[in-house]
Amino acid sequence: MTFKIGLLGFGVVGTGTAKILLDPFGRHPVLKEITIGRVGVRSLDKPREIELSPQLLTTDLESIVTDPEIDIIVELLGGLEPARSLILKAIASGKHVVTANKAVIARFGDEIYAKANEKGVYVLLEAAVGGGIPVIKPLKQSLGANRISSIMGIVNGTTNYILTEMSQKGADFSEVLAKAQELGYAEADPTADVDGFDAADKIAILASLGFGGRVKREDVYCEGIRQVSAVDIAYADRLGFVIKLLAIAKDTVKEDSDTLELRVHPTLVPKTHPLANANGVYNAILVEGEPLGQVMFYGPGAGSGPTASAVVSDVMNIVGILKSSGKTKELDPLLSCIHQHYCQIAPMEDLSTRFYARFLCRDVPGVIGHLGMAFGDHGVSLESVVQIGIRGDLAEIVVVTHDVREGNFRNALAAIESLEAIDSIPSILRVL
Ligand SMILES: NC(=O)C1=CN([C@@H]2O[C@H](COP(=O)(O)OP(=O)(O)OC[C@H]3O[C@@H](n4cnc5c(N)ncnc54)[C@H](OP(=O)(O)O)[C@@H]3O)[C@@H](O)[C@H]2O)C=CC1
Ligand SMILES: N[C@@H](CC=O)C(=O)O
Ligand code: NA
């Protein structure tokens, strides 16, 4: 029996996917039953790493998603449109879908899964989070017996690569970003990586799976890495931390309310923490649940081959289902997505966390005392105060707080900004 896939997109991940499918030797035998039926691209003239028969390539992507010969559509275009419309058309034509597109699923997952469930087809997305790391399927299946309390991790390869190169080699931000683009890690528009949107898409998906409810993408608080400077990386290092872009979804269950913290931001991570050692393009996702405790998923979070590994594994899962139970069976609830209600998201000002802040201060006597008083007035207690450097004619003071309510910390900063001794507050970062 042969199963035909329609590949939408033949870029970094599409090429990696084709490479695996065209070279099945030594891999799972089911791969030999999968062929590439058609490939949709934007330009027919572009030079390609793999030469496919010219009849396979087309710019008419609609004709692929409605082609009766195609069993599974693999969407590797990126972006919102035409990806969303093509996925919906594929579903309407009764095709199963595999996608790596977290942007589309995080925003239109409700619509896509409602249609897929109506039609009795699967939409699988292992490649959409953590690239090659198996994390979606374990969350859906292997960890289903647990009550998940937190999912936290490094889920963007590009920014982890940039931060690692900046901290280990003192590299320049723009140069490393260009290298990440060259290596095929970055999104077509890399602001999605740098400004944290890609990580926000991914944590919205993980939270939905882990906490069993829908998540509105706009509810994810999001800060990127643009404001992370070499100065802060160096101070963090001296204080025993590395700076990572973390995506965090945490159950903040209290007596009568069940809300989620949902956020993406650069974070000072203690060097001894398991997430601190995921470097370069590697991602790491730490999941905590009861009764399991902690489990960490670690591996390459972006790149052609690793991401294609996840794409093809989803294709194989669907082929496995088609082979064993045919097309008319009900969807497996452990592989499909059936959430109806929306998760309640806690406001950021209620978040309790530690903060790192760097102040530039004028040479006024007792400046540390003024800072301490302003923090104390707002219920913020300090774990450490380090007057480390002189920058020009200004003193540079770094503080790390104890756990504090974010709203209180922000109020303290507003008061501090108006102090005569304070020139500016160049950085404010959260601390794990
Ligand atoms: N790169 C990575 O490491 C990872 C990527 N992903 C996701 O995988 C998906 C693909 O990413 P990637 O392979 O890097 O992207 P690329 O930009 O390398 O490839 C995109 C492909 O889609 C085609 N395409 C894009 N828009 C259209 C359109 N409107 N009509 C026809 N064809 C179109 C392009 O055609 P043409 O070749 O003619 O330009 C190209 O072949 C994205 O959703 C991304 O977020 C997920 C995990 C990791
Ligand atoms: N641009 C993304 C690609 C994988 O999802 C990243 O850098 O992680
Ligand atoms: Na994955």
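What you see is a predicted model, and the numbers here were worked out from it, not measured in a lab.

### Topic: the site of ligand 2
Argument step 1. Taken together, Lys 102, Asn 156, Gly 157, Thr 158, Tyr 185, Ala 186, Glu 187, Asp 193, Asp 198, Lys 202, Gly 301 and Ala 302 make up all the residues around ligand 2.
Argument step 2. At a separation of 3.5 Å, an oxygen atom of ligand 2 approaches a polar side-chain atom of Asn 156.
Argument step 3. Tyr 185 is positioned such that a nitrogen or oxygen atom in its backbone is 2.7 Å from a nitrogen atom of ligand 2.
Argument step 4. In isolation ligand 2 offers 250 Å² of accessible surface; the protein chains occlude 94% of this area.
Argument step 5. Of all elements in the fold, only helix 6 (157–169) and helix 9 (197–211) reach the threshold of two or more residues within the shell around ligand 2.
Argument step 6. Considered class by class, the residues forming the shell around ligand 2 number 3 nonpolar, 4 polar and 5 charged.

### Description of the UniProt feature "domain: ACT" (unreviewed entry) in the chain
Argument step 1. Cross-referencing UniProt, the feature "domain: ACT" (unreviewed entry) maps to residues 356–432 in the present numbering.
Argument step 2. Secondary structure content for residues 356–432 is 30% helix and 47% strand, while the C-alpha to C-alpha distance between its ends is 10 Å.

### Some points on empty space enclosed by the protein
Sizing a probe to match a water molecule and rolling it over the atoms shows the empty space that remains.
Argument step 1. Considering all chains together, one arrives at 1 cavity of 30 Å³ or more under this definition.
Argument step 2. Empty space within the largest cavity amounts to approximately 50 Å³.
Argument step 3. Lining the largest cavity we find Leu 124, Leu 125, Glu 126, Ile 136, Lys 137, Lys 140, Asp 314 and Leu 335.
Argument step 4. Top contributing element to the lining of the largest cavity by residue count: helix 5 (residues 136–142), with 3 residues.
Argument step 5. Per-class residue counts for the lining of the largest cavity are 4 nonpolar, no polar and 4 charged.
Argument step 6. Taken domain by domain, the makeup of the lining of the largest cavity includes at least three residues from each of domain 1 (3–131 + 304–336) and domain 2 (135–300).

### With respect to the domain arrangement of the chain
Argument step 1. With domains assigned, the chain is organised as domain 1 (3–131 + 304–336), domain 2 (135–300) and domain 3 (349–431).
Argument step 2. Taking only C-alpha atoms, the centre of domain 1 and the centre of domain 2 are 26 Å apart.
Argument step 3. Taken together, the contact between domain 1 and domain 2 spans 19 residues of the former and 19 residues of the latter.
Argument step 4. Between domain 1 and domain 2 the total buried area reaches about 1700 Å² when both faces are included, carbon and sulfur atoms providing 58% of it.
Argument step 5. Counting across the domain 1 and domain 2 interface gives 3 salt bridges.
Argument step 6. The salt bridge partner of Asp 198 is Lys 102, with a shortest N-O separation of 3.2 Å.

### Considering the packing of aromatic side chains
Argument step 1. Under the definition given, this model contains 5 aromatic pairs.
Argument step 2. Their ring planes at 15° and their centres at 6.0 Å tell us that Phe 375 and Phe 409 sit as a pair that is stacked. Taken as a pair, Phe 375 in helix 12 (residues 367–377) and Phe 409 in helix 13 (residues 406–417) lie far apart in primary sequence, 34 residues in all. Like Phe 375, the residue Phe 409 is buried in the burial classification.
Argument step 3. Joined through ring pairs, the aromatic side chains of Phe 355, Phe 359, Phe 375 and Phe 409 make up one cluster.
Argument step 4. When the ring centre of Phe 108 is taken as origin, the NZ or CZ atom of Arg 84, which lies over that ring, is 5.2 Å away.
Argument step 5. Over the face of the ring belonging to Tyr 342 we find Lys 216, whose NZ or CZ atom lies 5.0 Å from the ring centre.

### Some words on the coordination of the sodium ion (ligand 3)
Argument step 1. Distances from the sodium ion (ligand 3) to its protein donors, namely Glu 126 (O), Glu 126 (OE), Val 129 (O), Gly 131 (O) and Ile 133 (O), fall within the range 2.3 to 2.7 Å.
Argument step 2. If you list the donors of the sodium ion (ligand 3) from N- to C-terminus, the spacing comes out as E-x2-V-x1-G-x1-I. Across this residue pair, the class does not change: Val 129 and Gly 131 are buried.

### Concerning the site of ligand 1
Argument step 1. Of all residues adjacent to ligand 1, which total 24 residues, the nearest are Phe 10, Lys 46, Arg 48, Glu 187 and Gly 303.
Argument step 2. In the model, an oxygen atom of ligand 1 is placed 3.0 Å from a nitrogen or oxygen of the Arg 42 main chain.
Argument step 3. One of the side-chain N or O atoms of Lys 46 is found 2.7 Å from an oxygen atom in ligand 1.
Argument step 4. Protein contact buries 87% of the 900 Å² of open area that ligand 1 shows by itself.
Argument step 5. Here the shell around ligand 1 is built from residues that sort into 11 nonpolar, 8 polar and 5 charged.

### Describing the nonpolar core
Argument step 1. Membership of the largest hydrophobic core comes to 79 residues, with the highest contact counts inside it found for Ile 151, Ile 203 and Leu 206.
Argument step 2. In this structure Ile 151 touches Leu 139, Ile 203, Leu 206, Ala 207, Gly 210, Phe 211, Ala 247, Ile 248, Ala 249, Ile 285, Leu 286 and Val 287, once residues within four positions along its chain are discounted.

### Remarks on helix 13
Argument step 1. With 12 residues, helix 13 extends 16 Å between its outermost C-alpha atoms, agreeing within 8% with the 16 Å of an ideal straight helix rising 1.5 Å per residue.
Argument step 2. Where helix 13 is concerned, the buried positions are Glu 406, Gly 407, Phe 409, Ala 412, Leu 413 and Ile 416.
Argument step 3. Turning to helix 13, the residues buried within the fold contact strand 13 (352–361), helix 12, strand 15 (394–401), strand 16 (404–405) and strand 17 (422–431).

### Quick look at a nonpolar patch on the surface
Argument step 1. There is a patch of nonpolar side chains on the surface, built from Tyr 282, Met 296 and Tyr 298 and spanning about 280 Å² of accessible area.
Argument step 2. With respect to the element layout, Tyr 282 can be found in strand 11 (residues 282–290).
Argument step 3. By relative accessible area, which is 32% here, Tyr 282 ends up partly exposed.

So, how was this worked out
- Residues numbered from 1 in each chain as written.
- Chains lettered and ligands numbered in written order.
- Predicted model: local features only at pLDDT ≥ 70, side-chain atom pairs only at ≥ 80, totals over all residues.
- Heavy atoms only, no water.
- Near = heavy atom within 4 Å.
- Polar contact = N/O pair within 3.5 Å; in protein donor to acceptor, adjacent residues only side chain to side chain.
- Areas by Shrake-Rupley, 256 points an atom, 1.4 Å probe, with all protein chains shown as cover.
- Helix = DSSP H or I, 4+ residues; strand = E, 2+ residues; numbered from the N terminus.
- Nonpolar A, V, L, I, M, F, W, Y, C, P; charged D, E, K, R; others polar.
- UniProt positions renumbered as here; feature names shortened; annotations may be inferred.
- 1 Å grid on protein atoms, 1.4 Å probe; cavity = no way out; pocket = protein on both sides within 12 Å on 5 of 7 lines; lining within 4 Å.
- Points joined across faces, edges and corners; volume = space filled by probe spheres on them.
- Domains from an automatic or database assignment.
- Contact = heavy atoms within 4.5 Å.
- Buried area = accessible area lost by both parts, 1.4 Å probe.
- Salt bridge = Lys/Arg side-chain N within 4 Å of Asp/Glu carboxyl O.
- Phe/Tyr/Trp six-rings, centres within 6.5 Å; stacked < 30°, edge-to-face > 60°.
- Buried < 20%, exposed > 50% of the residue type's maximum accessible area, 1.4 Å probe, protein only.
- Lys NZ or Arg CZ within 6 Å of the ring centre and 35° of its normal.
- Donors = N, O, S within 2.8 Å, 3.2 Å for Na, K, Ca; no water.
- Core = buried A, V, L, I, M, F, W, Y, C linked by side-chain atoms within 4.5 Å.
- Expected span 1.5 Å × (residues − 1).
- Patch = residues over 30% accessible without salt bridge, like charges linked within 9 Å, V, L, I, M, F, W, Y side chains within 5 Å.

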